[in-house]
Amino acid sequence: MTTISISQFKDYEGQTVRVGAWIANKRSSGKIAFLQLRDGSGFAQAVVVKADVAEDLFALAKGVTQETSVWVTGTVKSDGGRTPLGFELEVTDMEVIAESVDYPITPKEHGTEFLMDNRHLWLRSRRQHAIMKVRNELIRATYEFYNQEGFVKIDPPIITSSAPEGTTELFETDYFGQPAYLSQTGQLYMEAAAMALGKVFSFGPTFRAEKSKTRRHLIEFWMIEPEMAFFDHDMSLDLQERYVSYIAKSALENCRNELELLGRDLSKLEKVQAPFPRVRYTNAIKFLKEEGFDDIEYGDDFGAPHETAIANAHDLPVFITHWPKEIKPFYMKVDPENPELVLCADLIAPEGYGEIIGGSQREDDYDRLKEEIIKEGLDETDAYDWYLELRKYGSVPHSGFGLGLERTVAWISGIEHIREAIPFPRLLNRIHP
Ligand code: 4AD
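Predicted model only: the values in this text are computed from it and were never measured.

K.L.:
I'd like a description of a negative patch on the surface, backed by residues and values.
P.N.:
A cluster of acidic residues, D379, D382, D385 and E389, forms a negative patch on the protein surface. Position of D382 among the secondary structure elements: in the loop between α11 (366-375) and α12 (385-389). On the basis of relative accessible area, D382 is assigned to the exposed category, the value being 53%.

K.L.:
Describe the domain arrangement of the protein, with residues and values.
P.N.:
Reports of interface size often rely on the accessible area that becomes lost once the parts have come together. Domain boundaries assigned for the protein yield domain 1 (2-98) and domain 2 (119-421). Look at where the C-alpha atoms of domain 1 and domain 2 centre, and you get two points 44 Å apart. A buried area of about 590 Å², summed over both sides, lies between domain 1 and domain 2, and 49% of it is on carbon and sulfur atoms. On the surface where domain 1 and domain 2 come into contact, there are two residue pairs in polar contact (both at pLDDT 80 or more). Of the residues that constitute the side of domain 1 that touches domain 2, the class distribution is three nonpolar, four polar and two charged.

K.L.:
An account of the pattern of salt bridges is needed here, citing residue identities and associated values.
P.N.:
Applying the stated criterion to the full structure yields 30 salt bridges. A salt bridge links E137 to R140; the shortest N-O distance between them is 2.9 Å. With E137 and R140 both in helix α4 (residues 126-148) and three residues apart, this pair spans about one turn of that helix. According to the relative accessible area criterion, E137 is buried, its value standing at 6%. Its salt-bridge partner being E270, residue R256 comes within 3.4 Å of it at the nearest N-O pair. Placement of the pair is R256 in helix α7 (residues 256-261) and E270 in helix α8 (residues 266-270), with a sequence separation of 14 residues. With relative accessibility at 36%, the residue R256 sits in the partly exposed group. Judged by relative accessible area, which is 39%, E270 ranks as partly exposed. Three or more residues joined by partner-sharing salt bridges are found here, namely E191, E227, R362 and R391.

K.L.:
Please provide a residue-by-residue account of the pairing of strand β9 (residues 172-175), values included.
P.N.:
Where β9 lies against strand β10 (residues 178-182), four bridges are found, and the strand directions are antiparallel. Its bridge partner lying in β10, Y175 is registered against Q178. In sequence, β9 turns back onto β10 through a hairpin of two residues, with F176 there showing a positive phi of about 50 degrees.

K.L.:
Account for the packing of aromatic side chains, naming residues and giving values.
P.N.:
A complete count under the given rule lists 20 aromatic pairs for this structure. Centroid distance Y281 to W323: 4.8 Å. Interplanar angle 40 degrees. Geometry classified as tilted. Of this pair, Y281 sits in helix α9 (residues 281-290) while W323 sits in strand β14 (residues 318-324); the two residues are 42 residues apart in sequence, bridging distant segments of the chain. With relative accessibility at 0%, the residue Y281 sits in the buried group. Centroid distance F302 to W323: 5.1 Å. Interplanar angle 55 degrees. Geometry classified as tilted. Separated by 21 residues along the polypeptide, F302 in the loop between α9 and α10 (304-312) and W323 in strand β14 bring together distant segments of the chain. Accessibility classification places F302 together with W323 in one group, the buried group. By way of ring pairs, the aromatic residues Y143, F145, Y146, F151, F201, F203, W222, Y243 and Y246 are connected into one cluster. The lysine or arginine in question, R18, covers the ring of W71, its NZ or CZ lying 3.6 Å from the ring centre. Of note, R391 hangs over the ring of Y387, and the distance from its end group to the ring centre comes to 4.3 Å.

Calculation notes
Residues numbered from 1 in each chain as written. Predicted model: local features only at pLDDT ≥ 70, side-chain atom pairs only at ≥ 80, totals over all residues. Heavy atoms only, no water. Patch = residues over 30% accessible without salt bridge, like charges linked within 9 Å, V, L, I, M, F, W, Y side chains within 5 Å. Areas by Shrake-Rupley, 256 points an atom, 1.4 Å probe, with all protein chains shown as cover. Salt bridge = Lys/Arg side-chain N within 4 Å of Asp/Glu carboxyl O. Lys, Arg positive; Asp, Glu negative; His and termini not counted. Charge placed at Lys NZ, Arg CZ, Asp CG, Glu CD. Helix = DSSP H or I, 4+ residues; strand = E, 2+ residues; numbered from the N terminus. Buried < 20%, exposed > 50% of the residue type's maximum accessible area, 1.4 Å probe, protein only. Domains from an automatic or database assignment. Buried area = accessible area lost by both parts, 1.4 Å probe. Polar contact = N/O pair within 3.5 Å; in protein donor to acceptor, adjacent residues only side chain to side chain. Nonpolar A, V, L, I, M, F, W, Y, C, P; charged D, E, K, R; others polar. Pairing = 2+ DSSP bridges. Phe/Tyr/Trp six-rings, centres within 6.5 Å; stacked < 30°, edge-to-face > 60°. Lys NZ or Arg CZ within 6 Å of the ring centre and 35° of its normal.

Dropping the structure here:
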């Protein structure tokens, strides 16, 4: 007997196979039991017809409880296109592996806190399964894109001695008597790696002790951070828009069923193609004022309502470029045409999903960077000495950016809250499970 997974049904039409699965759901009449199977690879209906099977098999199928694990044997049949899978299993035999008693997540509605408390089980649901498949596809497409573009994957450290994104959001830890921090960006290390390997990207966990309780903030999230030597700001923006278009297209091609299950408006994703609009910060402020926002002034960062208003004026992700130097980190390169501004951009996703990318050209002048580090009150002699040295031995123009994976998953999937975009979210009030 061949053991296959549900995703392989299409290759086994008419054949008798065995599948290891859980019972996701069940309904039955006096004559037929319909079992909703899930095995991780997919969901499929199994049909047990009373007239065709032994009496005890039909009784087992009728009585089997939600999330019981089973070996099911049967014949793969077309379901006439009734489901996206296109096939179902006509059961000839079934054996219980382990029973499931009183599974807490039933097919009826549950509150968010209850579901979050049961995240270890909630992940099994159809919707969560679909979101994790989209997440996986975005990661897969990311590696594919950067490999095609000639990038090298580099893994920066997670325990660090520096805090490039500001010291207010740090998780401090004791490193054998010396303070150390969980990484809030791999950028500085990626800059060193770019000087060695040219074009590099990282993908890793990022920690921000932000006291923000919004639908866009996680305490622990995953960031993709490309860094490119011999790249100016405009070249970086060109790369960013090609990258985002590429992963959106990959999700549409390879996760169409999942996106449909999630109720995603696919026409919105189909529009996501480079080039993306580029709006200067000054013009964005002007636009917001014209839209009636009187809670924002030149020199302020945007809040969620501002980002949403900007996004709603476009069908595509929008770059906000050339921000005031004073509200951006010390490492950004000053605009040669205006020393008040830096060569940077945030990419705002459409439909109110907020900022998904932050990036910039990096300051490559030794003296200017040293001055910024000192001005910022950072320690140029210890934590940042090696970073400064990158400007001492053959400094080159270079740029990079960070894309937040979970915000991107939320946008592509069309889900309301970022907590569903990561398997086990760490939030202000939650570290369990
Ligand atoms: O704009 P950020 O802070 O940029 C950096 O950390 C740069 N050093 C990256 C670089 O240039 N290599 O963060 C980048 C992205 C944001 O656009 C957002 O998508 C995501 O990381 N992000 C968060 N996602 C979830 N929860 C949070 N608390 C986040 N903070 C940032």
